[in-house]
Amino acid sequence: MSDEYTIWHVAHRHDAMAWLKDRQPESIIMDLDLLGDTAHDVLDQINESTSDNCTLIIGLCESPEPIAPALAQRLDQLVLHHSI
């Protein structure tokens, strides 16, 4: 991995929103299974926090069935993951 990238892990929604206030990340990976119904609120806050909305937002979920089409359209990518 190149030295030009830094990976930050923020486990709680409140901490993530506080972290975003002072930063403009190139990409965000969100676990949609953990966020549940609050995913729209988080996306709203991300869009408000990022000045030019050029942040790539990747959503992770176990299955696409519980993901509402309106939520999926707000993501740049949706990655399905399965437990082994």
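Draft legend 1. Just the overall build of the protein chain, in detail. Each helix and strand counted, the protein chain has four helices and three strands in total. Listing each helix as α and each strand as β along the protein chain from the N terminus yields α-β-α-α-β-α-β. Counting the 84 residues in the protein chain, one finds 26% classified as buried. In the protein chain, of all internal contacts separated by at least 6 residues, the share reaching a separation of at least 24 is 56%. Per element, the accessible surface of the protein chain, about 6200 Å² overall, is 51% carbon and sulfur.

Draft legend 2. Helix α3 (residues 39-49), seen in detail. Residues of α3 that are buried: Ala 39, Val 42, Leu 43 and Ile 46. Viewed end-on, α3 has its buried residues packed into an arc of 100°, placing them on one side of the element. The elements touched by buried residues of α3 are α1 (13-20), β1 (27-31), α2 (32-35), β2 (56-61) and α4 (69-74).

Draft legend 3. Main features of α1. All of the buried residues in α1 are Ala 16, Met 17, Trp 19 and Leu 20. One side of α1 carries all its buried residues, which in axial view fall inside an arc of 160°. Residues of α1 that are buried in the fold lie against β1 and α3.

Draft legend 4. Seen up close, the nonpolar core. Counting residues in each nonpolar core, the largest one holds 17 residues, and the members touching the most others are Met 30, Leu 32 and Ile 46. If you list the elements that add at least two residues to this core, you get α1, β1, α2, α3 and β2.

Draft legend 5. Quick look at the sheet that holds β2. Taken in spatial order, the three strands line up as β1-β2-β3 in an open sheet, and their pairing is parallel. Taken across any chain shown, the strands that pair with only one partner, and hence form the sheet edges, are β1 and β3 (77-80). Each neighbouring strand pair of the sheet contributes to a mean axis angle of 20°, computed without reference to strand direction. When β1 meets β2, the two strands line up parallel, connected through five bridges. Paired with Ile 28 across the bridge in β2 is Ile 57. Packing against the sheet, α3 makes contact with β1 and β2, and its axis sits at approximately 165° to β1.

Draft legend 6. Here's a closer look at the side chain of Thr 55. The topology assignment puts Thr 55 in the loop between α3 and β2. Side-chain polar atoms of Thr 55 contact the side chain of Gln 24, separated by 3.3 Å. A polar side-chain atom of Thr 55 sits 2.8 Å from the main-chain carbonyl oxygen of Pro 25. Excluding residues that lie within four positions of it along the chain, Thr 55 makes contacts with Gln 24, Pro 25, Glu 26, Ser 27, Ile 28, Thr 50 and Asp 76.

The rules behind each value
Each residue is numbered by its place in its chain's sequence as written, counting from 1. Given that this is a predicted model, residues contribute local features only at a pLDDT of at least 70 and side-chain atom pairs are listed and counted only at 80 or more, while totals for whole chains, interfaces and linings are drawn from all residues. Values shown for side chains rest on all heavy atoms present in the structure; no hydrogens or waters enter the calculation. Note on conventions: DSSP H or I runs of at least 4 residues are helices, E runs of at least 2 residues are strands, and numbering of each starts at the N terminus. Relative accessible area decides the class of each residue, using a 1.4 Å probe on protein chains only: under 20% of the type maximum gives buried, over 50% gives exposed, and in between gives partly exposed. Note on contacts: a residue pair qualifies if any of its non-hydrogen atoms lie within 4.5 Å across the two residues. Here the Shrake-Rupley method, with its probe set to 1.4 Å, supplies the accessible areas, and only the displayed protein chains count as covering residues. This arc corresponds to the set of directions leading from the helix axis out to the C-beta atoms. Nonpolar cores were defined as sets of buried Ala, Val, Leu, Ile, Met, Phe, Trp, Tyr and Cys residues, with membership established by side-chain atoms within 4.5 Å. Only strands that DSSP links by at least two bridges are regarded as paired with each other. To get an axis, fit a line to the C-alpha atoms, keeping to the stretch in contact for a helix; angles then go from 0 to 180 degrees between the N-to-C directions. Side-chain atoms alone can form a polar contact between residues adjacent in sequence; in general such a contact is a pair of N or O atoms within 3.5 Å, and within protein one must be able to donate a hydrogen while the other accepts it.

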